[in-house]
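As a plain string of letters, each chain reads:
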Amino acid sequence: MHGPELPDDRTVNVVLDLALRVGDVQMASGAGAADVTATILAVAEAYGLPHCEVDVIFTSITVACHRGTEMSPVTSLRVVRSRSLDYTRLAHLENLVRDITAGRIPLAEAHTELDRIVAANHPYPRWVATLAWAGMAAAVTILIGGVPAMAAWAALITAVVDRVGRLLNRRALPFFFQQAVGGALATGGALALLASGVLPAARPTVLVGAAITVLLSGLSVVSTVQDAISGYNVTAAGRAMEVSLMTAGLIAGVVLALNVSVALGMPYQPLADPLPQTALRLPVQALAGAAAAGCFALASYATPKALLIAAAAGGLGTASFGALALSGAGALTASGGAAVAVGFAGGLIARRLRMPPLIIAVSGMVPLLPGLTTYRALYELAIEKSTTGIPTLMTAAAIALALAAGVVLGEFLAQPVRTGLGRLERKIAGPRMSGPLRPMWRRLE
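Residues numbered from 1 in each chain as written. Predicted model: local features only at pLDDT ≥ 70, side-chain atom pairs only at ≥ 80, totals over all residues. Heavy atoms only, no water.

**Student:** Account for the overall build of the chain, with residues named and values stated.
**Tutor:** Looking only at helices and strands, the chain features 16 helices and 3 strands. Considering the chain as a whole, with its 445 residues, one finds that 54% of them fall into the buried category. Contacts in the chain between residues at least 24 apart in sequence constitute 73% of all its contacts with a sequence separation of at least 6. Here the chain has roughly 18,600 Å² of accessible surface; of this, 65% comes from carbon and sulfur atoms. (Helix = DSSP H or I, 4+ residues; strand = E, 2+ residues; numbered from the N terminus. Buried < 20%, exposed > 50% of the residue type's maximum accessible area, 1.4 Å probe, protein only. Contact = heavy atoms within 4.5 Å. Areas by Shrake-Rupley, 256 points an atom, 1.4 Å probe, with all protein chains shown as cover.)

Written out as structure tokens, the structure is:
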């Protein structure tokens, strides 16, 4: 036999099963393919399987353990069936992987601990998540120029959308239609408030913009860009298709509600112009951004420590965006620059606090998502029949991509500062958002 001596067949199968299950939880929590690959390789090597190859695509993970030239390789596959945001589960998984790679936990105990992590209930009741989504909508409303009364109604509309979405999810309705229903309810609720005279002085633009921001926040834009940058093009294509489909469902719901309002004879309501950026509003915006990011982290079941860091990241990102906008930068440049700041700060702080940078990165960019720009584009297309609708929609898409790319770039720039410039050549390929930082001696090609 040529090559290193490997454990017996039973041990090989048990190690591969553990590594695949760890990768499954990471994928389901929104981690990138590079993170999943590095983590699986680290777990396999920690338990005596140094020569493994990993193939990650959007819906499945395959691991092959090579056993020299005389023995057949052992190959295992696991299908990633469910996807849900539970950042506490992801944080606990990262702690487990850290113990595994440090040699502090035997194989049998690692399986038991993983079973406990997977079987554990969410750390907060489901109604807390609903209140968190509502709080996020209220904070975004203040962020984009709404008044407290409008923020309260935005929170109520978002809470209704969340509960209806949960009900539809229990009925296994595809997520495309759930997004369509959410967009229709958000837009229809705002227009109904206007027609009823409850908020006679308010335009529905801000209310719908806040609700759309909440619906956009659940999309895995950061992981999509991370996969594309890291060279995992198949997985990136799968994620991009999912993001596009979910966005299309949201667009369909908003446009349907707008067309119904026209058919019912509602009077024309011009779009509310965004408030000009001023130095006086910057502190309020920073606080609102911090609240929105913290509420998103709470709705995603983050740990209490992660909630505070996520809120700080949201405040930093919003303040950076406002400062860049005041300096004359355009929306695209300001969004990208603010996202780089969030990714850089999150990359430095998260590892020191033993939490995945993904939690900080995604939460920090949430307040900057282009919900208001998206609604403006759809309103121009569906109601005003304006030719500016398509360029505005493309601007919204460009802002979302700039945010995701900026966060990934910021995390990448934080690596040499975090690991030391003298060890820069030891980094594995690509930015890291989850999993062990330097899991093994060989590079990921």
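**Student:** Quick one: what's the story with the packing of aromatic side chains, residue by residue and with numbers?
**Tutor:** All told, the structure shown has 3 aromatic pairs when counted by the stated rule. Residues W133 and F296 carry aromatic rings whose centres are separated by 5.8 Å and whose planes lie at 70 degrees to one another, so their mutual orientation is edge-to-face. Here W133 is found in helix α5 (residues 126–143), whereas its partner F296 is found in helix α11 (residues 282–299), with 163 residues between them in sequence. Under the relative-accessibility criterion, W133 is labelled buried at 13%. (Phe/Tyr/Trp six-rings, centres within 6.5 Å; stacked < 30°, edge-to-face > 60°.)

**Student:** Break down unusual backbone geometry for me, citing the residues and quoting the values.
**Tutor:** The phi dihedral of A172 falls on the positive side, at around 60 degrees, and the residue is not glycine. Assignment of secondary structure puts A172 in the loop between α6 (148–170) and α7 (175–196). Using a relative accessible area of 62% as the deciding quantity, one classes A172 as exposed. Positive phi outside glycine occurs at Y301, with the angle close to 60 degrees. By the element assignment, Y301 lies in the loop between α11 and α12 (304–326).

**Student:** How would you summarise the sheet that holds strand β1 (residues 52–56) if you had to cite specific residues and measurements?
**Tutor:** Pairing is antiparallel across the open sheet formed by 3 strands, whose spatial order is β1-β2-β3. Lying at the two open borders of the sheet, with one neighbouring strand each, are β1 and β3 (74–79). Each neighbouring strand pair of the sheet contributes to a mean axis angle of 10 degrees, computed without reference to strand direction. Bridge count between strand β2 (residues 60–65) and β3: 6 bridges; the pairing is antiparallel. Its bridge partner lying in β3, T62 is registered against L77. Strand contacts of helix α1 (residues 9–28): β1, β2 and β3, with the helix running at about 30 degrees to β3, the strand carrying the most contacts. Of the strands in this sheet, β1 and β2 touch helix α2 (residues 33–46), which is tilted by about 155 degrees from β1. (Pairing = 2+ DSSP bridges. Axes fitted to C-alpha atoms, helices over the stretch in contact; angles between N-to-C directions.)

**Student:** Residue-level account of a nonpolar patch on the surface, with values.
**Tutor:** Together, F344, L409, F412 and L413 give the surface a local cluster of nonpolar side chains, amounting to about 320 Å² of exposed area. Ranked by the residues each element gives to the nonpolar patch, the list is headed by helix α16 (residues 389–419), at 3 residues. Structurally, F344 is set in helix α13 (residues 331–352). (Patch = residues over 30% accessible without salt bridge, like charges linked within 9 Å, V, L, I, M, F, W, Y side chains within 5 Å. Salt bridge = Lys/Arg side-chain N within 4 Å of Asp/Glu carboxyl O.)

**Student:** Provide a residue-level description of the packing of α1 against α2, including the pertinent values.
**Tutor:** Orientation of α1 relative to α2, taken along the N-to-C sense of each, is 155 degrees, at an axis distance of 9 Å. Between α1 and α2, the crossing angle belongs to the class labelled roughly antiparallel. You can see that α1 and α2 cross each other, and the crossing is right-handed. Touching V15, L18, A19, V22, G23, Q26 and M27 of α1 are D35, V36, T39, I40, V43 and A44, all from α2. A per-class count over the contact of α1 with α2 returns 9 nonpolar, 3 polar and 1 charged. (Parallel < 35°, antiparallel > 145°, perpendicular 65-115°, else oblique. Left-handed = near helix turned anticlockwise from the far one by under 90°. Nonpolar A, V, L, I, M, F, W, Y, C, P; charged D, E, K, R; others polar.)

The values are spatial; any link to function lies outside them.
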